[in-house]
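# Architecture and fold: a report
Next come the chains, spelled out residue by residue.
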Amino acid sequence: MTAATEFDGPDAVAAALGRTGYLADSGLASAAFLALRMGRPLFCEGEPGTGKTALAQALAEVLGAPLVRLQCHEGIDAAQALYDWDFPRQLLHLRTAEAAASASGNSLDADAVEASLYDRRFLLARPVLQALQTTPSVLLVDEVDRADDEFEAFLLEVLAENSVTIPEIGVVRAETPPLVVLTSNRTREVHDALKRRCLYLWLEHPDLAREVAILKSRMPQLSDELAQQVAQAVHRLRGLDLLKPPGVAETLDWAAALELIGARHLDLESATTTLGAVLKYREDADRARDALDALLAS
Amino acid sequence: MTSMDRGGSSDAPAPRPHAGAVLASGVVDSLTAAPDEDAVLRDLVAFTRLLRNAGVPVTPDRTATYLRALREIDVASEVATYWAGRLTLCSDPDDVARYDQAFHAWFSSDPRDQRMGRPAPPKPRTATIAALNPPSRSGEGEQDDDVPELKVAASGEEVLRDRDIAELTIGEREHLRRMLALLTPNPPRRRARRRRPGPRGEPDARRTLRATLRHAGEIPGLARRQRRERPRRVVILLDVSGSMAPYADALLRFAHVLTRRTPQAVETFTLGTRLTRVTRELRQRDPERALRDAGSAIPDWSGGTRLGEVLAAFLDRWGQRGVARRAVVVVFSDGWERGGTDLLGEQMARLARLAHTVVWVNPHAGKRGYEPVQGGIAAALPHVDRLLAGHSLATLQELTEVLADA
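Residues numbered from 1 in each chain as written. Chains lettered and ligands numbered in written order. Predicted model: local features only at pLDDT ≥ 70, side-chain atom pairs only at ≥ 80, totals over all residues.

Take the overall build of chain A next. Along the backbone of chain A there are 15 helices and 9 strands. Per-residue burial for chain A yields a buried fraction of 39% across its 298 residues. The contacts of chain A with a sequence gap of at least 6 include a subset with a gap of at least 24, amounting to 75%. (Helix = DSSP H or I, 4+ residues; strand = E, 2+ residues; numbered from the N terminus. Buried ≥ 20, exposed ≤ 12 C-beta atoms within 10 Å, placed from the backbone. Contact = placed C-beta atoms within 7 Å.)

Next up, the structure:
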């Protein structure tokens with residue numbers, strides 16, 4: 001475990017992230033550094049495939065802390081995010097107590113039974129509670145824009161207090177607050193009150209040199225030539241006015257696909273057969289195929 | 001630290017007379033209680049004020065976070081200073097562009113840039129109200145004005161209801177506004193994922209157990225929970241080009257009425273030569289303020305239209321990400337497209353694939369002898385679920401009924 005205070009600047013964070021295979025530019029490193037130092041959640045927005053989720057994973061690895069992931073979806077509520085009671089086991093416990101009482105001829109002490117029902121062992125910790133109980137930890141709240149507004153308000157409360165109140169047990173407070181990373185794809189505008197608590201990071205597609213470096217770092221076996229060609233082609237694809245411009249994840253997929261079919265370099269044939277790894281819309285694929293010659297020109 | 005005196009000496013934010021690093025080195029001292037702490041602080045706060053004038057919503061607590069962040073980083077580095085501000089003061093990609101400009105202007109040593117960065121005095125925003133009203137009854141002569149003046153004088157609500165909005169007098173417009181404000185449209189609904197206690201549906205373990213406890217271990221009956229209903233998102237795409245000008249004001253008011261009913265579930269965009277999102281402006285309670293702010297936000301009132309291109313921009317930036325997904329999309333436009341209509345048809349097909357329902361409201365559709373033959377509307381029509389008229393109060397009311405059933 002590396003304590004957050006051990007980093008003396010963004011460069012140190014960038015170096016540590018680099019060792020895990022995540023190449024951070026100065027903005028990203030500053031964001032991670034400030035989030036650690038100030039104890040603020042980090043709110044990442046950007047095109048899909050720019051490495052928002054991967055950032056949380058890399059940070060967890062750097063800190064040597066477990067990554068607790070909360071995937072948001074429509075209708076997510078406290079029972080799925082915070083905690084829930086294990087009802088079947090509680091019922092079973094109740095029946096056992098009852099049976100034991102009738103066997104011994106005693107009457108059931110209602111208060112004692114109720115107290116034993118709301119015991120920690122019947123508590124199912126969901127991601128947020130898990131993160132608060134685990135020290136240190138990284139809590140990834142993924143795609144928060146998919147949850148509804150009420151959930152945001154609830155999240156706000158947890159992030160501000162770093163504690164959760166369970167009526168039957170009491171307050172669960174984190175010894176050291178977890179590092180929280182929120183991601184959003186901007187399908188909906190997240191409420192300003194939530195953003196205000198966070199550091200805001202807008203992620204863009206990496207530039208050519210960085211993308212080549214990412215390819216090389218994730219797939220060391222890739223030849224320099226192929227890495228350069230793939231990154232170049234993806235960059236040109238992003239300029240093509242597509243429905244869904246490829247992200248870094250697609251670049252990596254494409255390189256992996258090319259490697260699997262044994263391509264030494266990116267040519268018309270290998271590009272056509274593996275285009276499905278980068279472009280996920282028929283219209284995009286058609287448009288790219290028409291422009292393939294220009295895309296591959298070095 | 002002598003150079004620090006200048007920035008803070010005046011109350012109004014003055015452009016920095018020196019580069020960022022000098023200022024930055026002052027920050028550290030200021031935060032560790034240096035003599036001219038006030039001056040440096042005021043200087044930084046002045047920068048955040050410049051940002052606010054540039055349109056970034058900087059609040060006092062954001063400023064406080066900014067100052068805290070500066071304490072953590074090496075402020076002599078321009079890159080680190082840049083990022084500290086960008087991370088703490090921005091909350092939107094649009095903010096980032098504004099921040100870049102303001103940062104460059106404020107911390108640049110080039111005096112020309114600094115002049116650019118001087119915060120503009122707050123703009124008087126009332127001037128644009130005039131633009132909201134259509135130009136003074138232009139083209140009155142060519143309209144077949146078959147409603148005689150006498151009848152108008154005697155007209156009550158019933159007559160006004162069916163009148164073409166474009167042909168109303170100023171007084172009647174005033175009346176129409178009040179009547180629009182009285183509309184209480186029901187939003188379309190969808191089934192939500194979240195459940196609530198109800199008589200039908202799946203068993204609710206939590207409530208069943210609680211009831212069981214109350215009955216000393218005996219299960220009194222299964223409690224159930226069922227799905228809730230939520231308002232379905234409505235996306236309004238309002239054409240504000242010249243040909244739609246007589247209707248734009250009333251339609252924007254209509255959008256405001258819808259927005260006020262379910263603020264979180266209505267998104268409004270205007271289409272002209274460019275795409276403008278006016279949702280935030282329309283969420284204000286007071287219709288006049290909402291309309292005025294929306295009016296100032298729209299840069300292309302009564303300009304031309306590039307429907308296809310602007311629709312593509314909407315789908316790229318918002319629609320496909322989620323705004324249009326499973327939403328009821330209402331397009332207010334006469335479908336007047338300069339140039340080719342291929343792009344419009346293509347984009348409408350894309351929109352139809354994403355949306356739950358697409359309703360096209362064309363003010364001209366209510367006129368006698370109207371046929372949807374213009375290039376734009378003809379290209380769009382195959383991908384539209386309903387084509388409605390929207391030229392009068394009565395037709396707008398009809399639209400609210402269609403929306404409630406969608």
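What follows deals with the environment of Leu 179 of chain A. All names here are of chain A. On the secondary structure map, Leu 179 appears in strand E8 (residues 179–184). For Leu 179, a count of 26 C-beta atoms within 10 Å corresponds to the buried category. In this structure the C-alpha to C-alpha distance between Leu 179 and Ala 65, which are 114 residues apart in sequence, comes to 9.6 Å. Leave out the neighbours within four places in its chain, and Leu 179 touches Ala 35, Leu 36, Leu 59, Leu 63 and Val 138.

So, on to the sheet that holds E8 of chain A. All names here are of chain A. Judged by pairing direction, the sheet is parallel, and its 5 strands sit side by side in the order E2-E5-E8-E1-E9 without closing on themselves. Looking at which strands have only one partner, the edges of the open sheet turn out to be strand E2 (67–71) and strand E9 (199–203). Shown here is a sheet whose adjacent strand axes are inclined to one another by a mean of 20 degrees, direction ignored. Pairing geometry for strand E1 (residues 42–46) and E8, over 4 bridges, is parallel. What sits directly across from Leu 42, in E8, is Val 181. (Pairing = 2+ DSSP bridges. Axes fitted to C-alpha atoms, helices over the stretch in contact; angles between N-to-C directions.)

Cis geometry marks the peptide bond from Thr 135 of chain A to Pro 136 of chain A, where omega comes out at -10 degrees. Among the secondary structure elements, Pro 136 of chain A is positioned in the loop between helix H7 (127–133) and strand E5 (138–142). Non-glycine residue Asn 162 of chain A carries a positive phi angle of around 55 degrees. Relative to the helices and strands, Asn 162 of chain A is located in the loop between helix H8 (149–161) and strand E6 (163–166). Phi is positive for Arg 326 of chain B, close to 55 degrees, though the residue is something other than glycine. By the C-beta count within 10 Å, which is 12 here, Arg 326 of chain B ends up exposed.

Now for helix H6 (residues 93–107) of chain B. Residues and elements named next belong to chain B. Taking 1.5 Å per residue as the helical rise, H6 with its 15 residues ought to reach 21 Å, and the 21 Å between its terminal C-alpha atoms agrees with that figure. Every buried residue of H6 is listed here: Asp 95, Ala 102, Phe 103, Ala 105, Trp 106 and Phe 107. For H6, the arc enclosing every buried residue in end-on projection is 165 degrees, short of the 170-degree limit, so these residues lie on one face. (Expected span 1.5 Å × (residues − 1). Arc of directions from axis to C-beta.)

This part is about the packing of helix H11 (residues 224–238) of chain A against helix H12 (residues 248–260) of chain A. Residues and elements named next belong to chain A. For the pair H11 and H12, the least separation of the axes is 10 Å and the interaxial angle reads 135 degrees. Judged on the interaxial angle alone, H12 and H11 are oblique. The two elements H11 and H12 meet at a crossing, and its hand is right-handed. Where H11 abuts H12, its residues Leu 226, Ala 227, Val 230, Ala 231 and Val 234 lie against Thr 251, Trp 254, Ala 255 and Leu 258. (Parallel < 35°, antiparallel > 145°, perpendicular 65-115°, else oblique. Left-handed = near helix turned anticlockwise from the far one by under 90°.)

If you look at the biggest cluster of nonpolar residues, it comprises 105 residues, and the most contacted ones within it are Ala 32, Leu 59, Val 138, Val 181 and Leu 201 of chain A. Broken down by element, this core gets its largest block of residues, 8 residues, from helix H2 (residues 26–38) of chain A. With sequence-adjacent residues up to four places away left out, Val 181 of chain A is seen in contact with Leu 42, Cys 44, Leu 55, Ala 56, Leu 59, Val 138 and Leu 140 of chain A. In terms of nonpolar packing, the next biggest core, distinct from the first, is built from 64 residues, Val 328, Val 329, Leu 351 and Val 359 of chain B among them. (Core = buried A, V, L, I, M, F, W, Y, C linked by C-beta atoms within 7 Å.)

Each side of the interface is counted separately: chain A has 35 residues, and chain B has 32 residues. Those elements that provide at least two residues to the side of chain A that touches chain B are H2, helix H5 (87–104), helix H6 (110–117), helix H9 (192–196) and E9 of chain A. Per-element accounting of the side of chain A that touches chain B gives the leading share, 7 residues, to H2 of chain A. Taken together, the residues of the side of chain A that touches chain B break down into 15 nonpolar, 8 polar and 12 charged. (Nonpolar A, V, L, I, M, F, W, Y, C, P; charged D, E, K, R; others polar.)

One turn of an α-helix holds 3.6 residues; hence residues three or four places apart share an orientation. Residues and elements named next belong to chain B. Over its 13 residues, helix H19 (residues 393–405) extends 19 Å from the first C-alpha to the last, a length consistent with the 18 Å expected when each residue adds 1.5 Å. Every buried residue of H19 is listed here: Leu 393, Leu 396, Leu 399 and Leu 403. In a view along the axis of H19, the buried residues occupy a sector of 105 degrees, so they form one face of it. The exposed residues of H19 that point more than 90 degrees off its buried face are Glu 401, Ala 404 and Asp 405.

With that settled, the discussion passes to the packing of H5 of chain A against helix H12 (residues 205–214) of chain B. Packing of H5 of chain A against H12 of chain B leaves a shortest axis separation of 10 Å and a crossing angle of 15 degrees. By the criterion of interaxial angle, the relationship of H5 of chain A to H12 of chain B is roughly parallel. Where H5 of chain A crosses over H12 of chain B, the handedness of that crossing is left-handed. Across from Phe 87, Gln 90 and Leu 91 of chain A in H5 of chain A, the residues of H12 of chain B making contact are Ala 205, Arg 206 and Leu 209 of chain B. Broken down by class, the residue content of the contact of H5 of chain A with H12 of chain B amounts to 4 nonpolar, 1 polar and 1 charged.

Residues and elements named next belong to chain B. Strand order in the open sheet made by the 6 strands is E5-E4-E3-E6-E7-E8, with mixed pairing throughout. At either end of the open sheet lies a strand with only one pairing partner, and these are strand E5 (275–277) and strand E8 (386–388). Between one strand and the next, the sheet's axes are offset by a mean angle of 20 degrees, whatever the strand orientation. When strand E3 (residues 234–239) meets strand E6 (residues 328–332), the two strands line up parallel, connected through 5 bridges. Note that in E6 the partner of Val 235 across the bridge is Val 329.

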